[in-house]
Amino acid sequence: MRARSKPNQRPVKRLMCVARHRAWQGLVLLVTALVLSSCGWRGISNVALPGGPGSGAGSYTVYVQMPDTLAINGNSKVMVADVFVGSIRNIELCTRTSQERACKATKQATGGNDWVATLTLGLDKNVKLPKNATAKIGQTSLLGSQHIELAAPSEPSPQLLSDGCLLPNGKKGPCTIPLKNSSAYPSTEQTLASLAMIVRGGGLPNLEILQNEINNILTGRGPQIRAFLGKLDTFTRQLNEQRDDITHAIDSTNRLLAYVAKRSDVLDRALTEFPPLIKYFADPSYQKHLIDAVQSVGQLSQAAALYLGEAQAPLHQNLQLLQCPLKELGRASPYVLGTLKLIFTAPFDLDTAPKLIRGDFMNSSLELDTTLSAIDNAFLTGTGFSGALRALEQSYGRDPATMIPDVRYTPNPNDAPGGPLVERADRQC
């Protein structure tokens, strides 16, 4: 049995050696292929994951140009208002000669790109963002995880990213968020570096010097500082009280500038014509005439002061005497206009005169009151027979209520409040 088993083991060993040799060769070839194709391998994090927002049916693509991608990776989250709405499908470094799909699309949309990082985002179909949306790289956690945050600007566009964008070639494709709308939040490393700069070399040692100088300024100057603060309080209070005047002055200045702006041509012409005028004034011969004119005006004022000084007392008295008639004229002003209408057309009103004269005749009407009471008031008032004709008329059966009022017992219209006549002037005014 042993003699028969030995010859059968040799082919098996030989076969195992050949298989082991072939396996090592295949492993070497696989490693070589991976090394040679390492430019296309970007790690397991760049492998697209199935499912999740931005990868299902109806999702759409958006390209984002970033000035700096920091440490963000593929498959990172895309968030809108802290809501997971998509992921990063791809990250490309686009140059003018790049042939990747994202680079070609962004080149057509922005007119050219060179050494610009371009992110391909996959967004859920329910995400509604304007075409001019902004993109920022934010930090999801302190451990370094990052995400893309999309947001609408202060003045959103009516077009949406989900509708696609019209490219210069006339075709419709995914929209591109350009560099001007993309940025990044400060990372943890940048924040810590800034804090370290402030603590170590940001000027904290100078605070002691500043404190000492402030102490030297304030020491021994308490009353002066207190007085200064009091004056400052008074100034601010008065300034606050005059804020309406200040606002009015600013508004007036604004109106003046607006008025001047509408007449800029006039101002330009004035500024153009002023230099020759100033040059003429600067002429010594004209200065002599100007000095003579000023001296003549001074002599005139001296002569006027001399004569007016002598007539000062009478002039003052005349002005005082004019106060009373001018005051009464002012009180009678409501009735002056009505009186002026009768000056040239008496006894008719100026407004009715054109209606009276028609060619060579004049329309007029006359009412004569020949009742005894009217004749009594007109002719017998103030005489010893006043009231006699009135009594005679009453004896005939005339009702006194229908008769003209007796002027002897009628109040003076001058004394009636709001009467038609002006009260007599007070001579002591």
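Since the model is a prediction, treat every value here as computed from it, not as a measurement.

A. Representation of the overall build of the protein chain in the model. Per the secondary structure count, the protein chain includes 13 helices and 12 strands. Every one of the 429 residues in the protein chain was classed for burial, and the buried ones make up 18%. A fraction of 62% describes how many contacts in the protein chain between residues 6 or more apart in sequence connect residues 24 or more apart. As presented, the protein chain carries roughly 32900 Å² of accessible surface, and 62% of it is formed by carbon and sulfur atoms.

B. Quick look at unusual backbone geometry. In this model, Asn75 sits at a positive phi of 70°, which is unusual for a non-glycine residue. Within the fold, Asn75 resides in the loop between strand 1 (60–66) and strand 2 (77–80). Unusually for a residue other than glycine, Ala81 sits at a positive phi of about 55°. Among the structural elements, Ala81 can be located in the loop between strand 2 and strand 3 (83–94).

C. Fine view of the state of the cysteines. All told, the structure shown has two disulfides when counted by the stated rule. Note on cysteine connectivity: Cys94 is disulfide-linked to Cys103, with sulfurs 1.9 Å apart. Handedness of the Cys94-Cys103 disulfide follows from its S-S torsion of about -80°: it is left-handed. Residue classification places Cys94 among the buried residues on the basis of a relative accessible area of 0%.

D. Structural detail: the nonpolar core. Residues Leu121, Ile148 and Leu150 are the most contacted members of the largest nonpolar core, which totals 24 residues. Listing elements by their share of this core, those giving two or more residues are strand 1, strand 2, strand 3, strand 4 (116–123), strand 5 (134–139), strand 6 (146–151) and strand 9 (175–177). Looking at this core element by element, the count peaks at four residues for strand 1. With residues near it in sequence (within four places) discarded, Leu121 still touches Tyr60, Thr61, Val62, Val64, Val78, Ser87, Ile88, Arg89, Ile148 and Leu150.

E. Representation of the sheet that holds strand 10 (residues 182–184). The mixed open sheet is built from eight strands, whose spatial order is 9-1-4-3-2-6-5-10. The open sheet is flanked by strand 9 and strand 10, the only strands paired with a single partner. The average angle at which neighbouring strand axes cross in this sheet is 30°, direction not considered. Of the strand pairs in this sheet, strand 2 and strand 6 are connected by two bridges, and their pairing is parallel. Directly across from Val78, in strand 6, lies its bridge partner Ile148.

F. Here's a closer look at a nonpolar patch on the surface. A contiguous nonpolar patch, built from Leu256, Tyr259, Val260, Leu267, Leu271, Phe274, Leu277, Ile278, Tyr280 and Phe281 and spanning about 960 Å² of accessible area, is present on the exposed surface. For the nonpolar patch, the elements supplying multiple residues, two or more each, are helix 6 (243–262) and helix 7 (264–281). Examining the composition of the nonpolar patch, we find that seven residues originate from one element, helix 7, more than from any other. Residue position: Leu256 is located in helix 6.

G. Geometry of the confidence of the model for the protein chain. Confidence along the protein chain averages 80 in pLDDT terms, with 84% of residues attaining 70 or more. Note that residues 1–6 has pLDDT below 50 and, in this model, zero contacts with residues that lie over four places away or in other chains.

What counts and how
Residues numbered from 1 in each chain as written. Predicted model: local features only at pLDDT ≥ 70, side-chain atom pairs only at ≥ 80, totals over all residues. Heavy atoms only, no water. Helix = DSSP H or I, 4+ residues; strand = E, 2+ residues; numbered from the N terminus. Buried < 20%, exposed > 50% of the residue type's maximum accessible area, 1.4 Å probe, protein only. Contact = heavy atoms within 4.5 Å. Areas by Shrake-Rupley, 256 points an atom, 1.4 Å probe, with all protein chains shown as cover. Disulfide = S-S within 2.5 Å. Core = buried A, V, L, I, M, F, W, Y, C linked by side-chain atoms within 4.5 Å. Pairing = 2+ DSSP bridges. Axes fitted to C-alpha atoms, helices over the stretch in contact; angles between N-to-C directions. Patch = residues over 30% accessible without salt bridge, like charges linked within 9 Å, V, L, I, M, F, W, Y side chains within 5 Å. Salt bridge = Lys/Arg side-chain N within 4 Å of Asp/Glu carboxyl O. pLDDT = per-residue confidence, 0-100.

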